[in-house]
There are 2 protein chains.
Amino acid sequence: MKKKIITISREFCTGGQAIAQKVAEEMGIPFYDKELITLAARESGLSEEAIAASEKKRTGSLLYSLYTMGADLPLNDQVQIVQSKIIRQEAAKGPCVLVGRCADYVLRERTDVLHVFLHAPLEYRRARGLETGLLPQDVEQSKLDSLLQREDKNRASYYNYYTENRWGHAEHYDLCLDASMGQDLCVKLILLAACGE
Amino acid sequence: MKKKIITISREFCTGGQAIAQKVAEEMGIPFYDKELITLAARESGLSEEAIAASEKKRTGSLLYSLYTMGADLPLNDQVQIVQSKIIRQEAAKGPCVLVGRCADYVLRERTDVLHVFLHAPLEYRRARGLETGLLPQDVEQSKLDSLLQREDKNRASYYNYYTENRWGHAEHYDLCLDASMGQDLCVKLILLAACGE
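Scope of this entry: the structure provided in the associated data block. (Residues numbered from 1 in each chain as written. Chains lettered and ligands numbered in written order. Predicted model: local features only at pLDDT ≥ 70, side-chain atom pairs only at ≥ 80, totals over all residues. Heavy atoms only, no water.)

1. Observations regarding the interface of chain A and chain B
Interfaces are frequently sized by the accessible area removed from exposure as the parts join. Rules: It only takes one pair of heavy atoms within 4.5 Å for two residues to be counted as in contact. As used here, buried area is the combined drop in accessible area, with a 1.4 Å probe, of two parts when they are placed together. Think of a polar contact as two N or O atoms within 3.5 Å of one another; within protein, one of them needs to be a possible hydrogen donor and the other a possible acceptor, and neighboring residues in sequence only count if both atoms come from side chains. Going along the chain from the N terminus, every DSSP run of H or I of four or more residues is numbered as a helix, and every run of E of two or more is numbered as a strand. Being paired, for any two strands, means DSSP has found at least two bridges between them.
On the side of chain B, 22 residues touch chain A, which itself brings 22 residues to the contact. Carbon and sulfur atoms make up 65% of the area that chain A and chain B hide from each other, which totals about 1700 Å². Sorting the residues of chain A by area buried against chain B places Ala170(A), Asp174(A) and Leu192(A) first, and these three jointly supply 25% of that buried surface. Where chain A packs against chain B, one counts 10 residue pairs in polar contact (both at pLDDT 80 or more). Contributing elements (two or more residues each) for the side of chain A that touches chain B: strand S4 (113-119), strand S5 (175-178) and helix H9 (183-195) of chain A. Top element by residues in the side of chain A that touches chain B is H9(A). It accounts for five residues. Note: S5(A) against strand S5 (residues 175-178) of chain B, three bridges, orientation antiparallel. From the neighbouring strand, Leu177(A) faces S5(B), where its bridge partner is Leu175(B).

Take a look at the structure:
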């Protein structure tokens, strides 16, 4: 069965955004990343304060917040709820590629979605981070690795807070790829998995 | 870069063995599963008692056993050590597909090996298990699911005992696939990942 929508979750500096963009280009469908989804949330009326709060660290789970806070949900949770709504709206419009923001979990009930997770060894991500400017130059290797691991930890916390799944556990995704196999190969594998031929 | 050897780890009743066999056929290379590796271990002189012991449950880690038991390793650990040697021997002979027995971890130092993990939802595995006779007929669904989960737990314990990795965590594999995407598609994806084109 062909998959119309593709969600991509990824470790930091795996080149996930570039892979997602190429997949979207090849399929001729729109591409939404975290920034675009956040922009849409801002346009929908969320305050700057709320957007800023949404980047704060989370502990526990959204269900617990819903249970204890009732209508007065923290701002960061309000942002994720609006973003989830935007993800569902875009997915309802037609085929697209969605990167980050727990899109896989938001769309978990749909059967026409391919869920992808990208990871790669630290060495590969370090090189890529330096090349793309996502990591600072002239910093010792151990510091770069700490930056990579800290960002992964943030992404895992965000995902584990807003979903009932565990970030990076294979069972929650249709396709998990080591991005160090090469960007072009990853694009081909995603297209094959999505189109089924 | 082309991968000469493929290791396949899998949840119970994902059809991993059939997928591995098809991949081996397509590539025209030999295929070794748990039974064949165990047979080779038996032929290499391991006692029946040791082979039987190797199926027992494990807790802790092999490193801990090595540390505390020294030369008097439990029989099950001796079997895995012999099996690891056989896996390395077969891999040294040339291209092949290896299923189970922590082959991915045994061959972790080689860069020409593709490591695959197969998983699937319980519903899919239940149906497959009944179809192939790996699960008993005329048993209620919850009991079948318990059997699947118990076998997964055994495989995870085995893997987590003998390796420094965690079974089913995407980061340890090049390619993780939801086998419910279909056997033919899984074979194609593995071939594409292995051949890179």
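2. Digging into the pattern of salt bridges
Selection rule: Salt bridge, as used here: a side-chain nitrogen of Lys or Arg that lies within 4 Å of a carboxyl oxygen of Asp or Glu. Accessibility here uses a 1.4 Å probe with only protein chains present; expressed as a share of the type maximum, an area under 20% marks a residue as buried, one over 50% as exposed, and anything in between as partly exposed.
Taken as a whole, this structure holds 16 salt bridges over all chains when the rule is applied. Between Glu151(A) and Arg155(A) there is a salt bridge; the shortest N-O distance is 3.1 Å. Taken together, the positions of Glu151(A) and Arg155(A), both in helix H8 (residues 141-162) and four residues apart, correspond to about one turn of that helix. Between Arg125(B) and Glu11(B) there is a salt bridge, and its shortest N-O distance comes to 3.3 Å. One end of the pair, Arg125(B), is in helix H7 (residues 122-132); the other, Glu11(B), is in the loop between strand S1 (5-10) and helix H1 (16-27), with 114 residues separating them in the sequence. A relative accessible area of 3% means that Arg125(B) is categorised as buried. Beyond isolated ion pairs, a larger network of salt bridges with shared partners links Lys4(A), Arg110(A) and Asp112(A).

3. Topic: the packing of H9(A) against helix H9 (residues 183-195) of chain B
The line we're drawing: Where helices are involved, their axes are fitted lines through C-alpha atoms of the stretch in contact, as for all axes, and angles between N-to-C directions lie from 0 to 180°. Each angle gets one of four labels, with under 35 degrees taken as roughly parallel, over 145 as roughly antiparallel, 65 to 115 as roughly perpendicular, and the rest as oblique. Residues are grouped as follows: Ala, Val, Leu, Ile, Met, Phe, Trp, Tyr, Cys and Pro are nonpolar; Asp, Glu, Lys and Arg are charged; every other residue, Gly included, is polar.
Closest axis-to-axis distance for the H9(A)/H9(B) pair is 10 Å, and the angle between their directions is 170°. Taken together, H9(A) and H9(B) sit at an angle that is classed as roughly antiparallel. Contacts between H9(A) and H9(B) involve Leu185(A), Lys188(A), Leu189(A), Leu192(A) and Ala193(A) from the former and Leu185(B), Lys188(B), Leu189(B), Leu192(B) and Ala193(B) from the latter. Residue composition of the contact of H9(A) with H9(B), grouped by class: eight nonpolar, no polar and two charged.

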